[in-house]
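A structural walkthrough
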Amino acid sequence: MTAPNPHYQVHGNIAVITLNNPPVNGLGLATRRAVTAGLAQANADKTVVAIVLTGAGKAFSGGADIKEFDTPQAMQEPNLLSMILAIEHSAKPVVAAIHSVCMGGGLETALGCHYRVAAPGCNVALPEVKLGLIPGAGGTQRLPRVLGVEAALNMIVSGEPVKSELLASLPGQKLFDKLAASAESLMEEALAFAQSIADVRPLPLVRNLKCKHPQGDAYFQFARNMVKGMAKNYPAPLKCVDAVEAATKQKFEAGMAFEISTFMGLMMTSESRALRHLFAAERAASKIPDVPADTAQRAIKRIAVIGAGTMGGGIAMNFLNAGIPVKMLEAKPEALERGVATIRKNYEAQVTKGKLKQDKFEQRMALLSTTLSYDDLRDADMVIEAVFEDMGVKKAVFQELDRVMKPGAILASNTSTLDLDQIASFTLRPHDVVGTHFFSPANVMKLLEVVRGKATAKDVLATVMALGKKIKKTSVVSGVCDGFIGNRMIEQYGRQAGFLLDEGCTPAQVDKALEKFGMAMGPFRMGDLAGNDIGWAIRKRKYVEQPGVKYSKTADLLCELGRFGQKTGAGWYDYQAGKRDALPSALVEKMVADNRASLGITPRKIGDEEIVQRLVFAMVNEAAHILEEGIASKSGDIDMVYLTGYGFPIYRGGPMHYANEIGLFNVVQAMQRFAQNPLDDAAIWTPAPLLARLAADGQTFN
Ligand code: NAD
């Protein structure tokens, strides 16, 4: 006798097969086996007249099991296609009882069922395009047959979820045979529905439905034009159009063959590999190797922010947006007024643009309060310091915080360059101290580097990571080092950009090469946006401390002219009042050329490939040190930092994934070539031991 199948139950004369693979009933091998076994059992049981397929817990099914991504298990029989075929071939009707989440392979499974009953409020989607793919288990062939070509194509190209009640209201739709009154009554209604159709034969199959668009070719031409505009560097959206067109022009089986071959082709593209990497890296970033997922968290109900300047205001907005009250403290009343006015202005701009409702704006402002006294911070559960970047000022602030904050409160610093461990040492509770390195503008940028000090407690980390999620940030843990993950790498990128100017490039040439590669902004435009004086101050401090470090002095010359960037109307480029367009500056180009001549350098023509490789590989080598030192715990974290904080092109998957794609052997070879250049700094091009080892072993960053 076989053990009873836990996914299988019989209610009266209806068999119920329940997908049960938390959290979203991903269709992994064990789940697929349970479904086919359940079908066989129901068909063999003479007392069963119909079958209901549903999902346990929080979903019908979220689709493929991400644990099987890129593993042979995904294709192991019964694979998804075979499971759907088994459902179609069931001699007894199969009714999908759909609720909560029905996406990707989950929706494709439902489309293989003979009937579908849905609960209202269910999110229905084919999101494969977001991974650079098209649906690969019949989604592009079956959805147009039940929803009509246009509605189906919109869902497939966008990947966005649509609510079940909206889909059920589309005229002529055949996706749902019934919309249940509520999620609670879904099972009861699905069982009754199954009873009512138990004797209907032949069994209806979506594959047998007609699929045409009345305008035929003209419609698909129009769709291609629309999609081309938004697809940019990604091949998948246009392939979605091709596949849906195939559904209208080819027999079902031929359309399926077209879909699967297109899917397989897309799986091999670098764009899809990058997007799949990003998907996995994003989920992995929230996991800290030695901090278990069930670590108890501290309750954070009230936040205090010290400093209402550029960062403090933006940081406060994150919490106000999430409905968490914020108290801001400043040294002087004028600074508080200025800070509050800036927050108000930011929200008002959103209201004017229609992005924020007036009542929401008022609710958020009502959550904001201010003070000049530390004693008013006693009831805050967490405080984030964003005062001047000066150790003396930080010391005074943290000593005050240590005095007034209640036991167990989290003390966070937004410092970008100072030693967090030293800051923690100003308190008697270094285990409660953590870094929260927001990026500017803090209310907009997705990235949050969570800086883990020597003493930072695990529950503090777990709490801050969860809080990051609450305020919709991508949080990545970094150890303590100069610049943490992101800025430590960008320093090497910037140094290479400087050498390139000395060797013969113009700022615009370097920027164009990086922008063609896909960076949101080249290094010089980025400097102008962030303020060239910030880098200047860091160089003054650092290179005085480490006088041996070789770097181009051009950026210092620029700052000596007061050209700090957009904020001063001039930087590497010229700016017209009120405009952001970077106009090449004859003065800067002359300054670069004069400096080059004074160094006795004859300029040479430098190609885009060398420009991009020098900037990116210099970062990759620094990142290899960062990994080796344990500052980052995995290479995917470094990629997340660059994808969300530095405008690295998504379709390249981040610097580490990009290096893996090029092949680490090839990266090291290029580095050895660059090391021969006497105008460069050979030290940068000594491969980090980790990189050298992986390259020699033919491996990749993990
Ligand atoms: P800012 O000069 O705009 O604001 C600092 C604010 O702190 C000012 O309003 C000042 O009045 C206030 N302040 C100074 N001393 C104080 C004290 N003792 N008590 C209370 N308030 C005090 O600076 P910012 O750009 O917002 O930077 C703040 C912190 O954030 C720094 O540590 C900086 O390194 C870090 N940071 C800045 C950026 C950025 O792009 N600006 C990005 C990431 C991190």
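Procedures and definitions
- Residues numbered from 1 in each chain as written.
- Predicted model: local features only at pLDDT ≥ 70, side-chain atom pairs only at ≥ 80, totals over all residues.
- Heavy atoms only, no water.
- Phe/Tyr/Trp six-rings, centres within 6.5 Å; stacked < 30°, edge-to-face > 60°.
- Helix = DSSP H or I, 4+ residues; strand = E, 2+ residues; numbered from the N terminus.
- Buried < 20%, exposed > 50% of the residue type's maximum accessible area, 1.4 Å probe, protein only.
- Lys NZ or Arg CZ within 6 Å of the ring centre and 35° of its normal.
- Domains from an automatic or database assignment.
- Contact = heavy atoms within 4.5 Å.
- Buried area = accessible area lost by both parts, 1.4 Å probe.
- Salt bridge = Lys/Arg side-chain N within 4 Å of Asp/Glu carboxyl O.
- Polar contact = N/O pair within 3.5 Å; in protein donor to acceptor, adjacent residues only side chain to side chain.

1. Some thoughts on the packing of aromatic side chains
Within this structure, the stated rule accounts for 12 aromatic pairs. Pairing F439 with Y646 gives two aromatic rings, centres 5.6 Å apart and planes at 75°, and the pair type is edge-to-face. One end of the pair, F439, is in the loop between β15 (433-438) and β16 (447-452); the other, Y646, is in the loop between α25 (635-645) and α26 (655-662), with 207 residues separating them in the sequence. The exposure classification of F439 matches that of Y646, with both residues buried. Each ring, one from F517 and one from F648, has its centre 5.6 Å from the other, and the planes form 80°; the classification is edge-to-face. Remark: F648 occurs in the loop between α25 and α26 and F517 occurs in helix α19 (residues 507-517); sequence separation between them is 131 residues. Each member of the pair, F517 as well as F648, carries the same accessibility label: buried. The structure contains a cluster of three or more aromatic residues connected by ring pairs, namely Y219, F220 and F222. Over the aromatic face of W536 sits the side chain of K540, whose NZ or CZ is 3.8 Å from the ring centroid. Here the basic side chain of K553 rests over the ring of Y551, its NZ or CZ set 4.3 Å away from the ring centre.

2. Re the domain arrangement of the protein
Assigned domains within the protein: domain 1 (7-267), domain 2 (303-478) and domain 3 (486-697). Taking the mean C-alpha position of each, domain 2 and domain 3 sit 30 Å from one another. With 12 residues of domain 2 at the contact, the number on the domain 3 side is 12 residues. Taken together, the two surfaces of domain 2 and domain 3 that pack against each other cover about 880 Å², and 62% of this comes from carbon and sulfur. Contact with domain 3 buries surface across domain 2, with T417, L447 and V476 losing the most and accounting together for 40% of the total. On the surface where domain 2 and domain 3 come into contact, there are zero salt bridges. Linking domain 2 with domain 3 are one residue pair in polar contact (both at pLDDT 80 or more).

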